[in-house]
Amino acid sequence: MSLVVFPFKTEDPDVVLTNLRIAASHAAVSKVLAIGFEEESTFAAIQESRRDIARHTSTPVDLILQDRIGDLRPGKGDGMNTGLRYLLSETDSDRIHFYDADITSFGPEWITQAEIAADRGYDAVRHFFPRSSTDAMITWMITRTGFALLWPSTELPRIEQPLGGELLFTRSVAEALVADDRVQAQSNWGIDTLYTFATVQSGFSVYETYVEQGKAHALYGGLTDLKTMLVECFAAIQALRGETVGESVNHEVEATAPVPPSITEKVGYDIEATLRMPGQRWNDRQVELLDSFPEAVRTGVLENRHSATFAFMDEEAWADTYSVLLESFEPGDDDWEELLFKLWVIRVLNYTTTRALRGYEHSQRYLRATISDYTERAVL
Ligand code: GDX
Ligand code: MN
């Protein structure tokens, strides 16, 4: 039987309660656990309804606060790691599922699909979804790029959505993750990267299951909201760069289905607001830091102080830029963090205008081909 965990911060209580109810109603689930960041309104709403859900479904619904486990910003990583520890110390379940609490398209089949793959013997199951062409820009430009440049011949760059928060782990995977100090230290948004990295590095088998209806969830305003996630996801990869990873992991990806117009026609972010970003918040130190980058990149980036300039940041320029960042970026340094953000925004604008504009099919083919080219680049 399985434990299902929902880490949550402040979310729409109706959405969270619906998801708790769906999980508690599933035949494979023996317990549902909601893990909060602090005692706020969503926490109170769950506290009020959880016994009712348990009574109607005959499945206990537990509610706890996350422990302080890691040593970076206390965030989703502490939440998820608290869930793994709970599995080991408070239950004898042999599987744990994680789902984001804000998903409005969640359903029982998400749990069923993961259970079926685990029944077939997979150690880890990852859900993946169709994403609009301008969505997943941290996944493509940071995580998959980093995995491709640093561990080109492993399964890492071939994981569809390495940042996905919807997963199943067997108890032995949970034991390995709890025993791994790097994973336990990663208290912030870097946790997804660490879970993906550590499971592949440890040689656990991975099945990726496709959820056709997609993941609908709370939306971001603009790319600025993603700055913390960007910085923490990049820093997580950078910290792993000296690691070696073996090549033989059993990894299977489920076949996908045609993608509906609601996804192919969606624009993922506010382009007009984003165009202005690389021109803002400059200081002398950021200009100095640009000295480490190739001349064409340095000149192109600086031009943004006068007008939006991004034609230069193609996939090759981005790989060169990324390699410099891997060497030189300093997490926690405001100017480096701002510069990383600007560089990434410029890359996203380049991709949006040269590729995403040419349509959904083209942009998906391009993104995949680029990751594949990076694995053959062997720059590092
Ligand atoms: N306990 C706890 N503590 N929960 C948190 C915290 C925290 O500090 N921060 C966020 N959450 C919850 C949140 O309420 C939600 O249920 C889930 O974690 C994900 O957070 P959300 O703000 O919805 O993140 P977003 O941007 O939707 O990203 C998610 O999907 C990304 C992706 O698949 O692309 C999240 O799972 C990312 O880790 C993932 O990269
Ligand atoms: Mn979300």
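Residue numbering note: each chain is counted from 1, following its sequence as written. Just so you know, chain letters begin at A and ligand numbers begin at 1, following the order they were written in. Selection of residues for local features in this predicted model requires a pLDDT of at least 70, selection of side-chain atom pairs for listing and counting requires 80 or more, and totals for whole chains, interfaces and linings are taken over all residues. The side-chain quantities take in all heavy atoms of the structure and omit both hydrogens and water.

**Examining the coordination of the manganese ion (ligand 2)**
- The donor definition counts N, O and S atoms within 2.8 Å of each metal and applies 3.2 Å to Na, K and Ca; water is not among these atoms, so some sites may look incomplete. Taken together, the protein donors to the manganese ion (ligand 2) comprise Asp102 (OD) and His217 (ND1), at separations of 2.2 Å. Here the residue Asp102 occupies a position in the loop between strand S4 (95–98) and helix H4 (108–119), and His217 occupies one in the loop between strand S7 (206–210) and helix H9 (227–239), the gap between them amounting to 115 residues. Strands are runs of DSSP state E lasting at least two residues, helices are runs of H or I lasting at least four, and both sets are numbered from the N terminus onward.

**Here we look at the nonpolar core**
- Note on terminology: a nonpolar core comprises buried Ala, Val, Leu, Ile, Met, Phe, Trp, Tyr and Cys residues joined through side-chain atoms within 4.5 Å. Each residue is assigned to one of three classes by its accessible area relative to the maximum for its type, calculated with a 1.4 Å probe on protein chains only: buried under 20%, partly exposed between the two thresholds, exposed over 50%. Counting residues in hydrophobic clusters, the biggest one holds 88 residues, and the most contacted among them are Phe169, Tyr195 and Trp344.
- A total of eleven residues in this core trace back to one element, the largest contributor, which is helix H15 (residues 334–354).
- With near-sequence residues (within four places) excluded, Phe169 lies in contact with Leu84, Asp94, Arg95, Ile96, Phe98, Asp123, Ala124, Ala174, Leu177, Tyr195 and Thr199. Contacts between residues were defined by any pair of non-hydrogen atoms, one from each residue, lying within 4.5 Å.

**Side note on the pairing of strand S3 (residues 61–65)**
- Here strand S2 (residues 29–36) runs beside S3; their pairing, made up of five bridges, is parallel. Pairing of Val32 across the sheet is with Val61, part of S3. At least two DSSP bridges between two strands are needed for those strands to be called paired.

**A look at empty space enclosed by the protein**
- The distinction between a cavity and a pocket rests on a 1 Å grid over the protein atoms alone: a 1.4 Å probe fits inside a cavity but cannot get out, while a pocket stays open yet meets protein on both sides within 12 Å along at least five of seven lines, and a residue with an atom within 4 Å of a point counts as lining. Grid points are joined across faces, edges and corners, and a volume is the space filled by probe spheres set on the points. A complete count under the given rule lists one cavity of 30 Å³ or more for this structure.
- Within this model, the largest cavity holds a volume of roughly 50 Å³.
- What lines the largest cavity is simply Trp140, Met141, Thr145, Trp318, Arg347, Tyr366, Leu367, Thr370, Ile371 and Tyr374.
- Of all the secondary-structure elements, those providing two or more residues to the lining of the largest cavity are helix H5 (137–150) and helix H16 (360–377).
- The element best represented in the lining of the largest cavity is H16, accounting for five residues.
- Note on residue categories: nonpolar means Ala, Val, Leu, Ile, Met, Phe, Trp, Tyr, Cys or Pro, charged means Asp, Glu, Lys or Arg, and polar means any other residue, Gly included. Its residues placed into classes, the lining of the largest cavity shows seven nonpolar, two polar and one charged.

**Concerning the packing of aromatic side chains**
- Whether two aromatic rings pair depends on their centres lying within 6.5 Å, for rings of Phe, Tyr and Trp, where Trp uses its six-membered ring; planes under 30 degrees apart make the pair stacked, over 60 edge-to-face, and the rest tilted. On inspection of all chains with the given rule, the structure shows 21 aromatic pairs.
- When the ring of Tyr99 is compared with that of Phe106, the centres are 4.8 Å apart and the planes differ by 55 degrees; the resulting orientation is tilted.
- Classification of Phe106 by relative accessible area gives buried; the value is 7%.
- The rule for a charge over a ring is simple: NZ of Lys or CZ of Arg within 6 Å of the ring centre, and within 35 degrees of the ring normal. Seen from the ring of Phe37, Lys9 lies directly overhead, with NZ or CZ sitting 4.3 Å from the centre.
- The ring of Trp282 has Lys342 lying over it, and the distance from NZ or CZ to the ring centre is 4.3 Å.

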